[in-house]
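# Descriptive analysis of the structure
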Amino acid sequence: MNTEKYDYIVIGGGSGGIASARRAAEYGADVLLIENGNLGGTCVNVGCVPKKVMWSASQIHETVSLAHQYGMPVTSGHLDWHKLKSSRDVYIHRLNGIYARNLEKSGVNVKQGVARFVSPDSVEVNEERYSAEHVLISTGGQPSNPNLEGTELGIDSNGFFELEEQPSNLLVVGSGYIATELAGLMHGLGSQVTMALRKNRLLGAFDTDLQQTVLEHMEESGIEIIRNISLARLDGKRGNIEYEDTEGNARGGFDCVIWAIGRRPNTQSLNLENAGLSPNDRGFIDTDQFQNTAQSGIYAVGDVTPRAQLTPVAIAAGRKLSDRVFGGQKEARLDYSNIPTVVFSHPPVGTVGLTEAAAMDHFGKDSIKVYRNTFVDMYFALCEHKPRTLVKLIVEGPDERIVGCHVAGRGADEMIQGFAVAVRMGATKSDFDNTVAIHPTAAEELVTLRA
């Protein structure tokens, strides 16, 4: 079998892989990108992009429902799920084409198929062999489903985007950001939503004040949240599903069950043993700070690694890797500290830096101080229901350097980006205090906080 040689082989055409491939090609590298699905990976096809479309639709639906309280007797009417889905799918298909054209413009060769390692520097795709001195694994992840009777009656987050009809009575199993986002947006679109939590909280990795704020808002909005429940089985059929928990309690009438209990890396088909690699005990490929794996010349970025599972993280890491390997920037690497993130929950959450608990562990309880406030956003000034926004700053040391900035409430998704710049630059509480507030906005609350 003949082997076609390249400078760089990228396995996986998601955000990180595409970013790294294009950056390497800009430096003159001969690049091959291998993808077995649609270009763009999880984010574009079954993740953050279509999710944001659905979240935006739910925001519009909720705004229409409040319009009469501002003197506008607008009738929300019936949601045309088919039109929403078909319009969303057309948008995603257009993005797939944009990715393909950008790769072509950059001079990146694209091969459709499943890549399997033959050796550390060569892979096989559709019975054709390719080799390179440098190989990047960026195959992403996929949803995990539980191992219990009747699992197949539920769908995962990928299946959610295939739904042809809007569920009327939905059960979401899970407590992470995917479960929280899907439950919130479906309730916002008019579905009856129940959440089943294995413990008694949502968003376990986030600051406890954020967790509590989101949980309270969701329950106040009408989402039923069942805490400390472990499911034993599902029964029935699609459209009429019943669950039984490990205590023997049963409940039925759900026309859709969504499993949102976590994600696992896509490493099963890679034949990693031929590359001299083994995934860790959680199935991820470990890397050092420069994205190097245990095998020289093989790198990994994105959700296939045990790093923050965020699209901008994968993109930045992939580009930095190519800067180092092909651009002569020997120390180029992504700094994984102070990475901002947003949860498109109801209400949205924006956060950067350490949680209060993490700050105490890192600096000591006596070295930190917390500034916190809640308020009603003026958007709800004329509304009967007045949900409260939470803003929180965590500062450290005598100069009160800000090490954590957290917001839960309307607009949190947009305002956190600018504050993340300040936190990354080492801003102090006095820097915030000396910044003139923009009034009336929700963001001003972060520069007017008092103890």
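Below: a short report on this structure. As the structure is a prediction and not an experimental result, all values here were calculated from the model.

### Brief notes about the sheet that holds strand β20 (residues 388-396)
An order of β17-β18-β21-β20-β19 is seen for the five strands of this open sheet, with the pairing classed as antiparallel. Two strands lie at the open edges of the sheet, namely β17 (341-343) and β19 (368-376), each paired on one side alone. Pairs of neighbouring strands in the sheet enclose a mean axial angle of 15 degrees, with direction left out of account. With five bridges joining them, strand β18 (residues 349-353) and strand β21 (residues 401-408) adopt antiparallel strand pairing. The partner of G350 across the bridge, within β21, is V407. Each of β18, β19, β20 and β21 touches helix α7 (residues 208-221); the most contacted strand, β20, lies at about 175 degrees to it. Strands in contact with helix α10 (residues 412-424) are β17, β18 and β21; relative to β21, the strand with the most contacts, it is inclined by about 175 degrees.

### Thoughts on the packing of aromatic side chains
For any two aromatic rings, the description comes down to two numbers: the centre-to-centre distance and the angle of the planes. For the structure on display, the rule yields seven aromatic pairs. Measuring from centroid to centroid gives 6.3 Å for Y6 and Y130, while their planes differ by 50 degrees, and the two rings are tilted. Of this pair, Y6 sits in strand β1 (residues 3-11) while Y130 sits in strand β6 (residues 128-137), and the two are 124 residues apart along the sequence. Judged by relative accessible area, Y6 falls into the buried class, the value being 10%. Sitting over the face of the ring of Y336, R307 holds its NZ or CZ atom 4.3 Å from the ring centroid. The ring of Y379 is capped by R410, whose NZ or CZ atom sits 3.6 Å from the centre of that ring.

### Details of helix α3 (residues 48-66)
For α3, with 19 residues, the first-to-last C-alpha span of 26 Å sits near the 27 Å given by 1.5 Å per residue. For α3, the complete set of buried residues consists of V49, P50, K51, M54, W55, A57, S58 and L66. Lining the buried residues of α3 we find α2 (41-46), α4 (81-106), α5 (157-160), α6 (177-188) and α10.

### A short note on the environment of D323
Inspection of the secondary structure puts D323 in helix α8 (residues 311-326). Along the sequence, D323 and E26 sit 297 residues apart, while their C-alpha atoms lie 9.9 Å from each other. Setting aside chain neighbours within four positions, we find D323 in contact with R23, Y27, G328, Q329 and A332.

### Things to note about the layout of surface pockets
Approximately 710 Å³ is the volume attributed to the second largest pocket. Lining the second largest pocket we find 27 residues, and of these E62, L66, H346, F380 and P387 sit closest to its centre. Listed by contribution, the elements that provide at least two residues to the lining of the second largest pocket are α3, α6, α7 and β20. Broken down by element, the residue count for the lining of the second largest pocket peaks at seven residues, all from α3.

### A look at the pattern of salt bridges
Any two side chains of opposite charge can pair, given that their charged atoms come close. The full count for this structure, using the stated rule, is 21 salt bridges. The salt bridge involving R233 is made with E244; its shortest N-O contact spans 3.2 Å. With R233 in strand β11 (residues 231-237) and E244 in strand β12 (residues 240-245), this residue pair connects regions lying eleven residues apart in the sequence. Here the salt bridges do not stand alone but share partners, grouping D207, D209, E356, R372 and K392 into one network.

### Details of the pairing of strand β5 (residues 122-125)
Here three bridges tie strand β4 (residues 116-119) to β5, and the two strands are oriented antiparallel to one another. Directly across from F117, in β5, lies its bridge partner V123. Between β4 and β5, which follow one another and run antiparallel, lie two residues. With four bridges connecting them, β5 and β6 associate as antiparallel partners. Each residue of the ladder has a partner; that of S122, found in β6, is S131. A loop of two residues connects β5 with β6, the two strands running antiparallel in sequence, and N126 in this loop sits at a positive phi of about 50 degrees.

The rules behind the values
Residues numbered from 1 in each chain as written. Predicted model: local features only at pLDDT ≥ 70, side-chain atom pairs only at ≥ 80, totals over all residues. Heavy atoms only, no water. Pairing = 2+ DSSP bridges. Helix = DSSP H or I, 4+ residues; strand = E, 2+ residues; numbered from the N terminus. Axes fitted to C-alpha atoms, helices over the stretch in contact; angles between N-to-C directions. Contact = heavy atoms within 4.5 Å. Phe/Tyr/Trp six-rings, centres within 6.5 Å; stacked < 30°, edge-to-face > 60°. Buried < 20%, exposed > 50% of the residue type's maximum accessible area, 1.4 Å probe, protein only. Lys NZ or Arg CZ within 6 Å of the ring centre and 35° of its normal. Expected span 1.5 Å × (residues − 1). 1 Å grid on protein atoms, 1.4 Å probe; cavity = no way out; pocket = protein on both sides within 12 Å on 5 of 7 lines; lining within 4 Å. Points joined across faces, edges and corners; volume = space filled by probe spheres on them. Salt bridge = Lys/Arg side-chain N within 4 Å of Asp/Glu carboxyl O.

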